[in-house]
Amino acid sequence: MKFWSENTSLKFKLVLVALSMFGFGYAIVPLYEVFCDVTGIKVLALGDRFIESAGDYKPLNTQVDDTRTVTVEFDANVRGLWRFKPEKSSLRVHPGEMTTIMYEFQNMQGRSITAQAVPSYAPEQAGPNFHKLECFCFKEHTLAPGEKKSWPVVFVVDSGLPRDVKTITLSYTFFEVGGKTPPVPVASNEANDKTKEGS
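Please read all numbers here as calculations on a predicted model, not as lab measurements.

Caption draft 1: Up close: the nonpolar core. Grouped together as the largest cluster of nonpolar side chains are 29 residues, with contacts concentrated most on Tyr103, Phe136, Phe155, Tyr172 and Phe174. Looking at this core, the elements with two or more residues in it are strand E3 (70-78), strand E4 (82-86), strand E5 (90-93), strand E6 (98-107), strand E7 (113-122), strand E10 (148-157) and strand E11 (167-176). Ignoring anything within four residues of it in the chain, the contact list for Phe136 reads Phe84, Tyr103, Ala117, His141, Trp151, Pro152, Val153, Tyr172 and Phe174.

Have a look at this one:
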């Protein structure tokens, strides 16, 4: 009789554990959503939530700093017979906001060229806070005579940018790789002589 009562007690405990596990599994999603709301992780809790902006519905991005605006100016320097320019001279962005700007390039030479761009930033402290996610400057490009291309630059200005920096200039110098790049123009001797005579 004692053996029978021990078996009944064990079965009761096992059934209770099984029911508890089933109940926990059933409640895990609502509990996880509450946990996400409380801790701010919001992985599942924000899955179906959207904010309305200018008639569009966009996923909420808590990394964008809407309290600040930075003007990003775009510059293109070229040496050689080609055209290279941004589609816009400047954009106003919020730190943390992913932005895309297109650059246009055309080979004006009568031969194929391989070229690459090198970026620079002003002011200097903007460089570490300007993150390019996609950029044509990452590799060399070959264009046939007269060929035109448009390339994107996808970037994010980090929220760590000092607050006193209101404007960033992104400048590209595009140069031919392995080819003859024209030398930098220098003043002629005649101009130098006139300068000496005037001094």
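There's more to say after this.
Caption draft 2: Geometry of the pattern of salt bridges. Under the counting rule described, the total for this entry stands at three salt bridges. Measuring nitrogen to oxygen at the nearest pair gives 3.6 Å for the salt bridge that ties Asp65 to Arg163. Here the residue Asp65 occupies a position in the loop between strand E2 (56-59) and E3, and Arg163 occupies one in the loop between E10 and E11, the gap between them amounting to 98 residues. Judged by relative accessible area, Arg163 falls into the exposed class, the value being 53%. Of the charged contacts in the structure, one is a salt bridge between Lys149 and Glu147, with a shortest N-O distance of 3.5 Å.

Caption draft 3: How the structure looks around the sheet that holds E3. Pairing is mixed in the open sheet, where five strands are placed in the order E5-E3-E11-E7-E9. In this open sheet, the two strands that pair with only one neighbour each are E5 and strand E9 (141-143). With strand direction ignored, the average angle separating the axes of adjacent strands in the sheet is 30°. Note: E3 against E11, eight bridges, orientation parallel. Residue pairing in the sheet places Phe74 in a bridge with Leu170 of E11.

Caption draft 4: Examining the state of the cysteines more closely. Per the stated rule, a full pass over the model turns up one disulfide. Each disulfide pairs two cysteine sulfurs, and for Cys135 the partner residue is Cys137, the sulfurs being separated by 2.4 Å. Between Cys135 and Cys137, the disulfide has an S-S torsion of 130° and is therefore right-handed. By the burial criterion, Cys135 is buried, and Cys137 matches it.

Caption draft 5: A look at unusual backbone geometry. The omega angle of the peptide bond from Ala122 to Pro123 is -5°, so this bond is cis rather than trans. Note on placement: Pro123 falls in the loop between E7 and strand E8 (130-134).

Caption draft 6: Spatial organisation of the pairing of E3. Strand direction decides the pairing type here: E3 and E5, joined by four bridges, are antiparallel. Considered in E5, the bridge of Glu73 is made with Ser90.

Analysis parameters
Residues numbered from 1 in each chain as written. Predicted model: local features only at pLDDT ≥ 70, side-chain atom pairs only at ≥ 80, totals over all residues. Heavy atoms only, no water. Core = buried A, V, L, I, M, F, W, Y, C linked by side-chain atoms within 4.5 Å. Buried < 20%, exposed > 50% of the residue type's maximum accessible area, 1.4 Å probe, protein only. Helix = DSSP H or I, 4+ residues; strand = E, 2+ residues; numbered from the N terminus. Contact = heavy atoms within 4.5 Å. Salt bridge = Lys/Arg side-chain N within 4 Å of Asp/Glu carboxyl O. Pairing = 2+ DSSP bridges. Axes fitted to C-alpha atoms, helices over the stretch in contact; angles between N-to-C directions. Disulfide = S-S within 2.5 Å.

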